[in-house]
Amino acid sequence: MAAAAALEAVAPTGALWGLVHDFVMGQQEGPADQVAADVKSGSYTVLQVVEALGSSLENPEPRTRARGIQLLSQVLLQCQSLLLEKEVVHLILFYENRLKDHHLVIPSVLQGLRALSLCVALPPGLAVSVLKAIFQEVHVQSLPQVDRHTVYSIITNFMQTREEELKGLGADFTFGFIQVMDGEKDPRNLLVAFRIVHDLISRDYSLGPFVEELFEVTSCYFPIDFTPPPNDPHGIQREDLILSLRAVLASTPRFAEFLLPLLIEKVDSEILSAKLDSLQTLNACCAVYGQKELKDFLPSLWASIRREVFQTASERVEADGLAALHSLTACLSRSVLRADAEDLLDSFLSNILQDCRHHLCEPDMKLVWPSAKLLQAAAGASARACDHITSNVLPLLLEQFRKHSQSNQRRTILEMILGFLKLHQKWSYEDKDERPLNGFKDQLCSLVFMALTDPNTQLQLVGIRTLAVLGAQPDLLSSGDLELAVGHLYRLSFLEEDSQSWVAALEASGALAALYPVAFSSHLVPKLAEELCRGELDLAKGDEPTKCSRHLRCLQALSAVSTHPSIVRETLPLLLQHLFQMNKGSMIAGTSEVIAICQSLQQVAEKCQRDPESCWYFHQTAIPCLLALAVQASMPEKEHSVLRRVLLEDEVLAAMVSVIGTATTHLSPDLAAQSVARIVPLFLDGDISFLPENSFPCRFQPFQDGSSGQRRLVALLMAFVCSLPRNVEIPQLNQLMRELVELSCCPSCPSSSTAAAKCFAGLLNKLPAGQQLDEFLQLAVDKVEAGLSPGPCRSQAFTLLLWVTKALVLRYHPLSSCLTHRLMGLLSDPELGPAAADGFSLLMSDCTDVLTRAGHAEVRIMFRQRFFTDNVPALVKGFHAASQDMKPNYLKGLSHVLNRLPKPVLLPELPTLLSLLLEALSCSDCVVQLSTLSCLQPLLLEAPQVMSLHVDTLVTKFLNLSSSPSMAVRIAALQCMHALTRLPTPVLLPYKPQVIRALAKPLDDKKRLVRKEAVSARGEWFLLGSPGS
Amino acid sequence: MVGGGGMGGGLLENANPLIYERSGERPVTAGEEDEQVPDSIDAREIFDLIRSINDPEHPLTLEELNVVEQVRVQVSDPESTVAVAFTPTIPHCSMATLIGLSIKVKLLRSLPQRFKMDVHITPGTHASEHAVNKQLADKERVAAALENTHLLEVVNQCLSARS
C-alpha cells in the first residue's frame, strides 16, 4: 500500500526529472512551458521543481547553471501567484545570491527576480533587499537591452506595490536608480526610465542631495533627437520620447535652476525643433513653477521669446513663443507672495510694455503685429495682467487712432484694440465699478462710430466686429449708445456697393439683438417695417433694380435680427403680411421676390429652433399661412393673379419646402402630433378648416382628381411629414402611402410624381421594421416592376425605385441590396441607363429636403462605406460584361460612388480599382473624365506610393486631357498634373523635361482659369529635384 | 552675379520694414467661366504671378513690402510683351538683383514662350540701378546665374509656396 503511494508520487516526479533534463541538457525550449503548466495544475510544487533542478543549479559550468536558473525563472514567471511566503523568502535569498554569479547567469537571475517582484506574497523588507542587491552587484548599463529592461521592470513593479518600503530607503533608492539609468541609450528603455523618474518625483520619493544628478541623468537627452528606423517594429515615435521626457523635466520646481538656463540656451539655438521643444517645455513648467523659480531668469526668458516672435519665419515658433509667454504670465499672476516679497508680475509686464508699446505706434511697420500679439498673449493670462496691459495700451491706441488719419492705419489700430477688448470677455467682474473698460467706454464708442462711417470697407468691418464685442460686455453700453449703434447698423445693412460690410452688419445685428431686444424692437424693427411698406409701393409701381435690392436687404435684415423670441413675434407677422400683400395683387411679384421672402422666413425658423416656444409660435403661425396661400393658388380660377402662377413654380415650392421643413424638425412630439392631425386630413380629405382665409371656389383634392396645380402641393406635404420626429404617429398612414405610390407613377407631371416618390421614401425610412413596413415595400416593388415594363411611366417607376432604394440603403434594410441590383441592371437599359448612372450620385449624396439627419431620418453613419463594399465588385463585373456603348454608364455610376467615399476607405481598395479608373480617363464622356480626375487628384496626394506605379499612364493621360475641349476637364487635368508632384521625386524626374515642355502649351490657354492651374502645376514641376525646394 | 547678402541668422538689413496690404484673390467673372470667351493676359494676371514671391530676407511677400505693384506692370497680349518694374525697400538693398532674378525666373516659368519680358528697377529707387538692370537684361548672365546651385536654391525658395 505504502509502496504504491510512493510509486504514485514518484511517477510524476520522474516525468519532471525528464523534462528538466531535456531543458537543461537537451537545450529544448518546450519543457519549460510544460513544467509551468504542471505546476499550475498542481501536479507538483515549485519546491519539487527546485529539487529536480538541484544539481544543475550548482553545476560548475556557468552555461548549465544559467540554463537551470532560466527554467526556474520561466516557471516562476507563470506561477508566481501560487508561491507561499516561505517559498518566496527562500527563492529571493537564492536569487540575490546568484546576482554575484557569472555574467552569463545574470539575465536568467533578473528574470526570476522580475517574477518575484510581481509576487503578492513577498514579505516586507525583501523588496528593499532585492533592489539593494541589484544596485550593488549589477552594472546595469553593460547588460544587453532586454536585461536592462528587466531591471527597469523590477523597479517599476516594486514602485507600484511597495512604495512605502522603498521610501524607507531614502535617497539611496534615488541614487541607485540614477546609477542604473546613467548612459541608457535605447528608446524603449528610456520610455520606461523616464516614467520611473517621473514617479519618483510625483510620488514624492526622497531625492536628498541628488536633485542635480537626477536632472543631469535625464536632461542630457534634451532636446530629443531621435528618428525611428524605417519599419521599426516597436513603433516608438520621436513624439513619445519628447512628451515623456518633458513630463519628467517639467514635473518639479526643484529642477528650475538647472532647467531654465538649458531651455534659454536651446531657444537661442539655430535648430527649429530645439526651439519648439524648449518653448513647449517652458510652457509645461509654468504649470508647477512659482515666482521664486522664475525670478532670476525672467529677463533672459523674455528676451528670447521676444526675439523669436519678432524674427521668426515659422508660425509654429511664433505660436509656441506666445503660448510660453502666456503661461509665464499666468504663473507669475498665480503665485502667492510673502508679505515682504516684490510682485514680479508688475515688473515683468512693464518690461514687455516697454519693449512693445513703441511698435504699436507704427501701424504700417512689420513689428506692429508681433508686438500686439505678445502683449495680448500676456494680457490673456489673468485678469490682473489684462488690467495692467490694457490700462497702458488702450489710451495709447486710442490716441494713435486719432493721430493716424489713413483708413488702413486706423484699421490696424482698431484691430489691435479689438484684440484687447476680446480678452476682457474672459474675465467677469463682480463689481460694476471695477470693470476696467468703463473708463474708456465713451472714447471707444466714438471711435467705433467713426470707423462705421469711414468709406473704407475693411475699417468698417473691424468697426462692426468691435461694436459686437463692446455690446457683449455686460452693462457697458448705455441706451443712447445702443440707439446710435442700431442706427449705424441699419444704415450699413442697406449699403449697396460692398457686400462684406453688409453681411457683417447683419451678423452683428443678430448678435446684439439677442442681448438688447428692446433697443432693436424700438429702433430697428419699425424702420424695417416702414422700409418694407415703401418697398411694396415701389414694387407696385414697377421695379427698379436698386429699389429691388433695397427690398431684398430689408427682408434679410428682418430675418437677421430675429434672434430673440420677442423680436420674432414682430418680424414674423411683418413677413407673412408682406406675402399676403403680394397675393392681394397690389404688387407685381416675381419669382425672386417670393423666394426671397421664403428664404427670410426659413432663416427666422432656423433661429427659432433653439427656443421651443418660439419654434411652436413660428410653426403654428407660418405653416397655415403658407398652406393657405398655396392651396388658394392651386384653385382653378378664371383670372389667375400673377402670384398664383408664381407660387406653383418649382423654385418657389422648393423655397416653401425648406421653410416648412425647418419649422417642423425641432417641434416637440406632442405639438407635432397636433399639427399632423390637421395637415394630413387637409391633403387626404380636403379638410381646410384650419387655414386662414379658407373660402375657396372648389375642393382641395390633390390625390384624387385635383388639377395638376393641386398635385404639385404634395411637395409641401412631403416637407412637413418627412421632417417630423420618428415617434410622431401619422394618421391615415395606410391610405396616405397608397395615394403616394399611386401619384408617384402617374405620368402627368414629373415634379409632383417625384415629390410623391420622395415623400413615400421619407416615410418608409422612418417606419419601424414590421409587417406594415413590409406591406408598403411590397406595394412599391410591385408598382416599380409594373411601371418598368415597356410603357409610358418607365421613368416615373425608375424614380420611385431610386428613392425607395435610397431610403433603405440609409437604414441598412435587408431589401436594399436587392433593389440596388435592380438599379444596377438598369445601367444597360438603352433608355434608362444614363439616368441610372446618375442615380448613383443621388444614392451616395446627402439630400437637403427629405431623408436628412436633421429631419430625423434613420441615416447610418457608415452607409457609404457599406454601399461601396456591397456593390462596387458587382459594378466592376457589370462594367467588364457590358457592351461597349453601355460601359460609360457603369464608369459613371462607379465614379459617383468613389467620389463620395471617404478617402481612407478608398485607399486600400485602390489597387483593384485603379486600372478601371485609368480606363475611365480614356472614356470620351466629359462627366466621367471630370469625376475620375477629381477622384484621382486626392488619391495622388494621399497615396503617392500606390500611384507611382502608374506614373507613365498618368502623365500621358493627364497631359492629353489638359487639351480637352471642356474647360473644367482641362482645369482638373492640370490640377492632377500638380498633384502628381507629390509622388516620390525619383519616379518623376525622368518625366520632368517632357512635362515642362508639354505644360508650356496650356500657359497660353485662352481661358485664364486654365492658365492659372497650368502656372502652378508647371512651377511645381520646375522645383522637382531642384535645390531649395 | 549677386554678393553674399545678409542671409542666414545674422542681423537683417531692415528689421522693421513697412508692410502693405495684400490684394485679395482676383474675383472670378462670368466671362472667365464661359468656355467660349477668350480672356487676354492683363496686368493683374502678371501681377498675380509675381505678388506672392517671397522676399529673400523676410517672411513676407514682395507685394506686402510694396516691391511690386500692379501699376508698375505693363503688358500687351497681342504684341507679346511684358515689362515689370520693381522697387527695392531701401536704396542700398543688396538683395535687389536677387529679387529681380526671382521675378524674371517666375515669369519665364509662367508665361507662354512668345512673350518678351523686361524686368527692371523702378527708376531712381536704387543706388546701382543701372548695373542691376543690365545684369537682369543679359540673357546669358541670367542663364549662368541659374546654373549656380546656391543662387538657384535661393530663387527656388523665393518661388516656393510658404508652408
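Residues numbered from 1 in each chain as written. Chains lettered and ligands numbered in written order. Predicted model: local features only at pLDDT ≥ 70, side-chain atom pairs only at ≥ 80, totals over all residues. Heavy atoms only, no water.

### Remarks on the overall build of chain B
Move 1: The secondary structure content of chain B amounts to 6 helices and 3 strands.
Move 2: Traced from its N-terminal end to its C-terminal end, chain B shows the element sequence α-α-β-β-α-β-α-α-α.
Move 3: Against the globule reference of 15 Å for 163 residues, chain B gives a C-alpha radius of gyration of 16 Å, in line with a compact fold.
Move 4: Taken along its principal axes, the extent of the C-alpha atoms in chain B is 55 × 35 × 30 Å.
Move 5: Within chain B, buried positions represent 47% of all 163 residues.
Move 6: Sequence-distant contacts, at least 24 apart, represent 67% of the contacts inside chain B between residues at least 6 apart. (Helix = DSSP H or I, 4+ residues; strand = E, 2+ residues; numbered from the N terminus. Rg over C-alpha atoms; globule rule 2.2 N^0.38 Å. Buried < 20%, exposed > 50% of the residue type's maximum accessible area, 1.4 Å probe, protein only. Contact = heavy atoms within 4.5 Å.)

### Examining the UniProt feature "domain: MIP18 family-like" (unreviewed entry) in chain B
Move 1: When the UniProt feature table is mapped onto this chain, "domain: MIP18 family-like" (unreviewed entry) is found at residues 45–118 of chain B.
Move 2: Taken end to end, residues 45–118 of chain B is 30% helix and 18% strand, and its first and last C-alpha atoms sit 16 Å apart. (UniProt positions renumbered as here; feature names shortened; annotations may be inferred.)

### A closer look at the sheet that holds strand β3 (residues 116–121) of chain B
Residue and element names in this part refer to chain B.
Move 1: One open sheet accounts for 3 strands, arranged β1-β2-β3; its pairing is mixed. Across the chains shown, the open sheet's two edge strands, defined by having one partner strand only, are β1 (73–76) and β3. Neighbour-to-neighbour, the strand axes of this sheet turn through a mean angle of 5°, independent of strand direction.
Move 2: Bridge analysis of β1 against strand β2 (residues 81–86) gives 4 bridges, and the strand direction is antiparallel. Within β2, the position partnered with Val 75 by the bridge is Val 82.
Move 3: Strand contacts of helix α2 (residues 43–51): β1 and β2, with the helix running at about 125° to β1, the strand carrying the most contacts.
Move 4: Its contacts with the sheet put helix α4 (residues 129–137) on β2 and β3, and the angle it makes with β3 is roughly 160°. (Pairing = 2+ DSSP bridges. Axes fitted to C-alpha atoms, helices over the stretch in contact; angles between N-to-C directions.)

### Quick word on the interface of chain A and chain B
Move 1: Each partner contributes residues to the interface: chain A has 32 residues there, and chain B has 40 residues.
Move 2: Overall, the association of chain A and chain B removes approximately 3,000 Å² of surface from exposure, summing both partners, and the carbon and sulfur fraction of that is 50%.
Move 3: The interface formed by chain A and chain B contains 7 salt bridges.
Move 4: Among the salt bridges present, the one from Glu 25 of chain B reaches Lys 1012 of chain A, with a minimum N-O distance of 3.8 Å.
Move 5: Inspection of the region where chain A meets chain B yields 19 residue pairs in polar contact (both at pLDDT 80 or more).
Move 6: Residue assignment for the side of chain A that touches chain B shows that the elements contributing at least two residues are α22 (407–424), α51 (967–980) and α54 (1008–1023) of chain A.
Move 7: A class-by-class count of the residues in the side of chain A that touches chain B yields 12 nonpolar, 8 polar and 12 charged. (Buried area = accessible area lost by both parts, 1.4 Å probe. Salt bridge = Lys/Arg side-chain N within 4 Å of Asp/Glu carboxyl O. Polar contact = N/O pair within 3.5 Å; in protein donor to acceptor, adjacent residues only side chain to side chain. Nonpolar A, V, L, I, M, F, W, Y, C, P; charged D, E, K, R; others polar.)

### What to know about the pairing of β2 of chain B
Residue and element names in this part refer to chain B.
Move 1: Summarising burial for β2: 5 of the 6 residues are buried, a large majority.
Move 2: One ladder, built from 6 bridges, connects β2 with β3; its direction is parallel. When the bridges of β3 are listed, Thr 81 appears paired with Lys 116.
Move 3: For the handedness criterion, the β-α-β arrangement of β2, helix α3 (residues 96–110) and β3 is classed as right-handed. (Right-handed = clockwise from strand over helix to strand, strands pointing away.)

### A short note on the environment of Pro 681 of chain A
All names here are of chain A.
Move 1: Secondary-structure assignment places Pro 681 in helix α35 (residues 669–685).
Move 2: The class for Pro 681 is buried, based on a relative accessible area of 11%.
Move 3: Taking the C-alpha atoms as reference points, Pro 681 and Leu 736, separated by 55 residues in sequence, lie 9.7 Å from one another.
Move 4: In this structure Pro 681 touches Val 676, Gly 686, Asp 687 and Gln 732, once residues within four positions along its chain are discounted.

### Section: the layout of surface pockets
Move 1: Approximately 570 Å³ is the volume attributed to the second largest pocket.
Move 2: Contributing to the lining of the second largest pocket are 23 residues, with Lys 104, Leu 108, Met 117, Lys 139 and Val 142 of chain B lying nearest its centre.
Move 3: Elements that contribute at least two residues to the lining of the second largest pocket include exactly α54 of chain A together with α3, β3 and α5 (139–147) of chain B.
Move 4: Residues of the lining of the second largest pocket, tallied by class, amount to 14 nonpolar, 2 polar and 7 charged. (1 Å grid on protein atoms, 1.4 Å probe; cavity = no way out; pocket = protein on both sides within 12 Å on 5 of 7 lines; lining within 4 Å. Points joined across faces, edges and corners; volume = space filled by probe spheres on them.)

### Some remarks on the nonpolar core
Move 1: Counting residues in each nonpolar core, the largest one holds 420 residues, and the members touching the most others are Ile 103 and Leu 107 of chain B.
Move 2: With 14 residues, the top contributor of residues to this core is helix α32 (residues 612–633) of chain A.
Move 3: Excluding residues that lie within four positions of it along the chain, Leu 107 of chain B makes contacts with Ile 46, Leu 49, Ile 50, Val 82, Val 84, Met 117 and Val 119 of chain B. (Core = buried A, V, L, I, M, F, W, Y, C linked by side-chain atoms within 4.5 Å.)

### Concerning the confidence of the model for chain B
Residues and elements named next belong to chain B.
Move 1: Looking at chain B, pLDDT values average 85 and 91% of them are 70 or higher.
Move 2: Ranking the elements of chain B by mean pLDDT puts helix α1 (residues 30–33) last, at 87, and β2 first, at 96.
Move 3: Here residues 1–10 is a poorly scored stretch, pLDDT under 50, and it has 17 contacts once near neighbours within four places are set aside; other chains count.
Move 4: Reported confidences for the modelled complex are a pTM of 0.78 and an ipTM of 0.92. (pLDDT = per-residue confidence, 0-100.)

### What to know about unusual backbone geometry
Move 1: Cis geometry marks the peptide bond from Phe 222 of chain A to Pro 223 of chain A, where omega comes out at -15°.
Move 2: With respect to the helices and strands, Pro 223 of chain A occurs in the loop between α12 (211–219) and α13 (238–249).
Move 3: The backbone of Tyr 812 of chain A sits at a positive phi, close to 60°, despite the residue not being glycine.
Move 4: For Tyr 812 of chain A, the location among the structural elements is in the loop between α41 (794–810) and α42 (815–825).
Move 5: Of note in the backbone geometry, Asn 66 of chain B takes a positive phi value of approximately 60° without being a glycine.

### Considering the environment of Leu 506 of chain A
Residues and elements named next belong to chain A.
Move 1: Inspection of the secondary structure assignment puts Leu 506 in helix α26 (residues 499–515).
Move 2: For Leu 506 and Leu 492, which are 14 residues apart along the polypeptide, the C-alpha to C-alpha distance reads 8.4 Å.
Move 3: The residues contacting Leu 506, other than those within four sequence positions of it, are Ser 493, Gln 556, Ala 557 and Ala 560.

### Here we look at empty space enclosed by the protein
Move 1: Tallied over the entire structure, the rule returns 4 cavities of 30 Å³ or more.
Move 2: Asp 55, Glu 57, His 58, Thr 89 and Cys 93 of chain B are, among the 14 residues lining the largest cavity, the residues nearest its centre.
Move 3: Within the lining of the largest cavity, the residues separate by chemical class into 8 nonpolar, 3 polar and 3 charged.
Move 4: Put simply, the second largest cavity is a space of about 50 Å³.
Move 5: Every residue along the wall of the second largest cavity is listed here: Trp 616, His 619, Gln 620, Ile 623, Pro 624, Ser 675, Arg 678, Ile 679 and Phe 690 of chain A.
Move 6: If you list the elements that add at least two residues to the lining of the second largest cavity, you get α32 and α35 of chain A.
Move 7: Among the elements that take part in the lining of the second largest cavity, α32 of chain A stands out by supplying 5 residues, more than any other.

### Focus: helix α47 (residues 910–921) of chain A
Residues and elements named next belong to chain A.
Move 1: Here α47 contains 12 residues, and its C-alpha end-to-end distance of 15 Å stays within 8% of the 16 Å for a straight helix at 1.5 Å per residue.
Move 2: Taken together, the buried positions of α47 are Leu 910, Leu 913, Leu 914, Leu 916, Leu 917, Leu 918, Ala 920 and Leu 921.
Move 3: Buried residues in α47 make contact with α44 (863–881), α45 (887–900), α46 (903–906), α48 (926–942), α49 (944–948) and α50 (951–961). (Expected span 1.5 Å × (residues − 1).)

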